[in-house]
Amino acid sequence: YAENGWYNTKTDRASFKEKAFMISNEQKLEGDSLYYDRVRGVGEVFRNITITDTVNDFLIYGDYGIHFEKEKNSMITKQPRSIKIFETDSLYMRAETIYAMEDSLGIKTVLGYRNVSYFKNDIQGVCDTLVYSGADSSITMFSKPVVWNEKSQISGHTIVLYSDGKNPKELFVDKD
C-alpha cells in the first residue's frame, strides 16, 4: 500500500511513498518511502521505518533498512533500535547496525553491532556486539560487556545470558 508511487509490471519493480508499507505472512515493512524489486527479492525502506515480525514478536525501527527475501535477512542502520516482546516485559536494544536473520528451520537471530545498549525491567547492559538467538533465547555479548540489575554488576570479555524465554536463568562470564 502507498498513497503515491509506481509499480512496473514488466520489471516487477516498485517505488512507493507516503504511508508506504508491504505485508507478508510474517512481517510488515513500512516507512516514508519503499523500493521493491520482486525478481531479486530485495526491499529497501527509507526514513521512519518499522519492521514488525508478528511470528517472533519483534519490532525493529530505524531510518534505513534493506530486506533480502530469499535469504530471509535484514539490515537496519541510521539509529536502529529493536524490541523483543515477551508476555509481561520487553527487551529494548539499540546499536549502530542491527541485523535480523532467519535460518532454514525458521529460527531467528538478531545481531546488534557497535555500541550496543539494551534494557529490560530486570537487566541492563552495554557491549560492542550482541547476538540474540531464538534457538535457545540466549544473548551473547562481546568486547568488554557490562551487565547490571538493581544490586549487581558484572563484566568480562564475553558474557552469555540464557533465559527461559521470559526471564534470565543463567549467566556465564569469560574474563579472558
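Before reading on, note that the structure itself is shown above.
Residues numbered from 1 in each chain as written. Predicted model: local features only at pLDDT ≥ 70, side-chain atom pairs only at ≥ 80, totals over all residues. Heavy atoms only, no water.

Notes on the environment of Val55
Looking at where Val55 falls in the secondary structure, it is placed in the loop between strand 4 (42-53) and strand 5 (58-68). With a relative accessible area of 51%, Val55 lands in the exposed category. Considering only alpha carbons, one finds Val55 and Glu26, 29 residues apart in sequence, at a separation of 5.8 Å. (Helix = DSSP H or I, 4+ residues; strand = E, 2+ residues; numbered from the N terminus. Buried < 20%, exposed > 50% of the residue type's maximum accessible area, 1.4 Å probe, protein only.)

Comments concerning the packing of aromatic side chains
Inspection of the entire model under this criterion finds four aromatic pairs. With 4.9 Å between their ring centres and 15° between their planes, Tyr92 and Phe119 make a pair best called stacked. Highlighted residues: Tyr92 in strand 8 (residues 90-94) and Phe119 in strand 10 (residues 108-120), separated in sequence by 27 residues. For Tyr92, a relative accessible area of 33% gives the class partly exposed. Taking the relative accessible area as the measure of exposure, Phe119 reaches 44% and is therefore partly exposed. (Phe/Tyr/Trp six-rings, centres within 6.5 Å; stacked < 30°, edge-to-face > 60°.)

What to know about the pattern of salt bridges
Counted under the stated rule, the structure contains seven salt bridges. Close ionic contact of Asp37 with Arg40 constitutes a salt bridge, the shortest N to O distance being 3.7 Å. Residue classification places Arg40 among the partly exposed positions, given a relative accessible area of 49%. Overlapping salt bridges, with partners in common, bring together Arg13, Asp37 and Arg40 in one network. (Salt bridge = Lys/Arg side-chain N within 4 Å of Asp/Glu carboxyl O.)

Observations concerning empty space enclosed by the protein
The final tally for this structure, using the stated rule, is two cavities of 30 Å³ or more. There is about 50 Å³ of room inside the second largest cavity. Lining of the second largest cavity is provided by Phe58, Ser82, Lys84, Leu91, Met93, Val110, Leu130 and Tyr132. Contributions of two or more residues to the lining of the second largest cavity are made by strand 7 (81-85), strand 8 and strand 11 (123-133). When the residues that make up the lining of the second largest cavity are grouped by side-chain class, the tally is six nonpolar, one polar and one charged. (1 Å grid on protein atoms, 1.4 Å probe; cavity = no way out; pocket = protein on both sides within 12 Å on 5 of 7 lines; lining within 4 Å. Points joined across faces, edges and corners; volume = space filled by probe spheres on them. Nonpolar A, V, L, I, M, F, W, Y, C, P; charged D, E, K, R; others polar.)

Concerning the layout of surface pockets
A probe as big as a water molecule, rolled over the atoms, marks out the empty space that is left. There is about 430 Å³ of room inside the largest pocket. Surrounding the largest pocket, 26 residues form its lining, Ser24, Gln27, His67, Glu69 and Ser74 being those nearest its centre. Among the elements of the structure, strand 2 (13-23), strand 3 (27-37), strand 4, strand 5, strand 6 (73-77), strand 9 (97-102) and strand 10 are those that each provide at least two residues to the lining of the largest pocket. Grouping the amino acids of the lining of the largest pocket by side-chain chemistry returns twelve nonpolar, seven polar and seven charged.

Here's the deal with the pairing of strand 11
Counted residue by residue, strand 11 has eight buried out of eleven residues, so it is predominantly covered. Note: strand 10 against strand 11, ten bridges, orientation antiparallel. Across the sheet, the residue bridging to Phe119 is Gln124, located in strand 11. Bridging between strand 11 and strand 13 (residues 146-148) involves three bridges; their strand directions are antiparallel. By the bridge assignment, Val126 is partnered in strand 13 with Val146. Bridge analysis of strand 11 against strand 12 (residues 138-142) gives five bridges, and the strand direction is antiparallel. The residue bridging Leu130 from the neighbouring strand is Met141, located in strand 12. Where strand 11 hands over to strand 12, the hairpin turn is made up of four residues, of which Ser137 adopts a positive phi near 55°. (Pairing = 2+ DSSP bridges.)

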